[in-house]
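Close look at the chain arrangement
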Amino acid sequence: MGQAASTAAVANRRERTTAKTTRSTSLVSPMNATEEDDDDIRHPVDRGISDYISDLPDECLAIVFQSLSPADRNQCSLVCRRWLIVEGQSRQRLSLNAKLDLLPVISSLFNRFDSVTKLALKCDRRSVSIRDEALVIISERCPNLTRLKLRACRELTDAGMETFARNCKGLKKLSCGSCTFGSKGMNAVLDNCAALEELSVKRLRGIAETAVAEPIGPGVAAASLKTICLKELYNGQCFGSLILGAKNLKTLKLFRCSGDWDTLFTLMAERVTSMIADVHFERLQISDIGLQAISHCSNLEILHLVKTPECTDLGLVAIAERCKLLRKLHIDGWKANRIGDEGLIAVAKFCPNLQELVLIGVNPTKASLEMLASNCPNLERLALCASDTVGDPEISCIAAKCLALKKLCIKSCPVSDHGMEALANGCPNLVKVKVKKCKGVTPEGGDWLRLTRGSVAVNLDTVEAELQDASASDGGAQDNAIEFPPMPVCAAASTSGNIASRSTVRSASFKQRDLIWGEGGALDTTAFKTHFIILFYTGEDPFHLILPFIHNRILMA
């Protein structure tokens, strides 16, 4: 009788479970008991309910894992042996601490993660990195590797890179920084990896000390390369053969690479490499000759000129006249004042598709800004930083003319609350405004702009926030920033040397002593530590806080 009743109850629960599953389109975990099942806390299988996760194919479980963060995946791998296996076989990205002691565990590690296609090997500066033997084993266990990132692997040599390149010929992206292999290792990658699309090299030590560096490239990878990024290379021009041979190159980024680059760009213009659409130059020895050569790339859409003092209006005019598809233009004049109204007016005349303009250390006037606003109807993002000529009239012009403007950043410009008032009445599509280090703009002006344009996000820096400022704009140059950490507020106050303020702090500290030492001489450690730190930063002697403690200890003894 009881058994029949139990069987009937299980059948009823099955029916209810089936009905609920049919009505609901979301996944329900069988581990979550309903109110009706509170009297039965046994395993779902024991209760006659299917374990839906166990019935889920490994392929579907792998898809679920792929949508999780690395930390969550690690937690899931601890649930059971099946999840451990599926998680390991479905993991395609892996980042390892590439210290020397990684070698003994490489085999077992890649027994579990046997489907890795994107690998990062990073070592800190104070540790000894993996050597060629470890890299060779990795290349043998991961023949389908498509992306490799090497950071501070200073023990790798040309021989190790050559073996790696032969084993991983399907590599599509290589990024290496602070490594010590040289031209031979890099050429081995270019000669074997015909599918290579992105190459990023930073501080490649192996070519830095060579008087006459061995040319790098082009190799078979030149036909597939789309992005080349070189940073902080003493002999960066040894990549010239690769740059000239990359016929499908679309993005070229050169940051702080020594040498005269005008000759290379002149050769590039003669070979008509018109595929380049994105060019970034930062602290590069390039003049108007190089810019005129770059202007032959008629498909150019993005141009960054950051701290290139030899570039003038003449070079920018050449770019504007021939590169009419230009969408983004970033210029950091670096106080050279060699790019101004003439170059910007040319951009306004010939580049109607301009969407983003960042000017740092450039002094445009109302004439060029008005022409940009009138001739560039798609201008959505504008940053004006450290410009002595951008004041309220210029901001009023922008407010009246830039109808498509969505984001505006103004930094270290002679703008006042009148400029904020003009913005409140103009730029109908404006969604975000940043105002930094503009002494004429008061908090009241920012509050009034927020009140008038409720849909606009206004970021107005206070004095404390200015100390923590990091950049000029969302996409502008990053060197226009404060390089030292902000002082604590109490420490900054003490530097004024105001004796009256110090005496006030001392007086307040004695008043707080009663709060620190409670009834019966008990010490409130939290209050003590907090007040001790305050006195330390203000330059006061905190010894008087400790005296009651010493006195109590003497009495107790």
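For the structure, check the block above.
Presented here is a report on the structure given in the accompanying data block. In this text the structure is predicted, and so the values were computed from the model without any measurement.

Before going further, it helps to examine the pairing of strand β13 (residues 407–411). Most of β13 is tucked away, with four of its five residues classed as buried. Summarising the sheet, strand β12 (residues 381–385) and β13 pair through five bridges and their orientation is parallel. Its bridge partner being in β13, R381 is matched across the sheet by K407. Note that the unit made of β12, helix α16 (residues 392–401) and β13 has a crossover that is right-handed. Here five bridges tie β13 to strand β14 (residues 432–436), and the two strands are oriented parallel to one another. Paired with K407 across the strands is K432, a residue of β14. The parallel pair β13 and β14, bridged by helix α17 (residues 417–424), forms a crossover whose chirality is right-handed.

A separate point is the pairing of strand β2 (residues 118–122). For strand β1 (residues 93–97) and β2, the ladder comprises five bridges, and the chain directions are parallel. Bridge pairing in β2 links N97 to K122. For the handedness criterion, the β-α-β arrangement of β1, helix α6 (residues 106–112) and β2 is classed as right-handed. In the sheet, β2 pairs with strand β3 (residues 147–151) via five bridges, with the strands oriented parallel. Within β3, the position partnered with A120 by the bridge is K149. Handedness of the crossover joining β2 and β3 through helix α7 (residues 132–141) is recorded here as right-handed.

Before going further, it helps to spend a moment on the nonpolar core. If you look at the biggest cluster of nonpolar residues, it comprises 123 residues, and the most contacted ones within it are L119, L121, L150, M186, F239 and F265. Excluding residues within four positions of it along the chain, L121 makes contact with L96, A98, I130, L135, I138, L148, K149, L150, R151 and C153. L61, F65, C76 and V86 belong to the second largest nonpolar core, which has six residues in total.

Our focus in this paragraph is the pattern of salt bridges. Summed over all chains, the structure comprises 11 salt bridges. Note that R327 is salt-bridged to E301, the shortest N-O span being 2.9 Å. Taken together, the residues span a long stretch of sequence, with R327 in the loop between α13 (313–322) and β10 (328–332) and E301 in the loop between α12 (288–294) and β9 (302–306) at a distance of 26 residues. On the basis of relative accessibility, which here comes to 23%, the residue R327 falls in the partly exposed class. A salt bridge links K401 to E370; its shortest N-O distance comes to 3.9 Å. Pair noted here: K401 is in helix α16 and E370 is in helix α15 (residues 366–375), with a separation of 31 residues, a long-range link.

Within this structure, the stated rule accounts for three aromatic pairs. Centroid distance W261 to F265: 6.2 Å. Interplanar angle 25°. Geometry classified as stacked. Its relative accessible area of 0% is what places F265 among the buried residues. Cluster of aromatic residues (ring-pair linked, three or more members): W261, F265 and F281. Taking NZ or CZ as reference, K231 lies 5.3 Å from the ring centre of F255, over its face.

Once that is clear, we can look at the environment of K99. When you line up the elements, K99 lands in the loop between β1 and α6. In sequence terms K99 and S129 are 30 residues apart; their C-alpha atoms lie 4.3 Å from each other.

On to the side chain of T312, then. Along the chain, the position of T312 falls in the loop between β9 and α13. In this structure, T312 is in contact with D288, R338 and I339, ignoring residues within four places of it in sequence.

Quick notes on the rules
- Residues numbered from 1 in each chain as written.
- Predicted model: local features only at pLDDT ≥ 70, side-chain atom pairs only at ≥ 80, totals over all residues.
- Heavy atoms only, no water.
- Buried < 20%, exposed > 50% of the residue type's maximum accessible area, 1.4 Å probe, protein only.
- Helix = DSSP H or I, 4+ residues; strand = E, 2+ residues; numbered from the N terminus.
- Pairing = 2+ DSSP bridges.
- Right-handed = clockwise from strand over helix to strand, strands pointing away.
- Core = buried A, V, L, I, M, F, W, Y, C linked by side-chain atoms within 4.5 Å.
- Contact = heavy atoms within 4.5 Å.
- Salt bridge = Lys/Arg side-chain N within 4 Å of Asp/Glu carboxyl O.
- Phe/Tyr/Trp six-rings, centres within 6.5 Å; stacked < 30°, edge-to-face > 60°.
- Lys NZ or Arg CZ within 6 Å of the ring centre and 35° of its normal.

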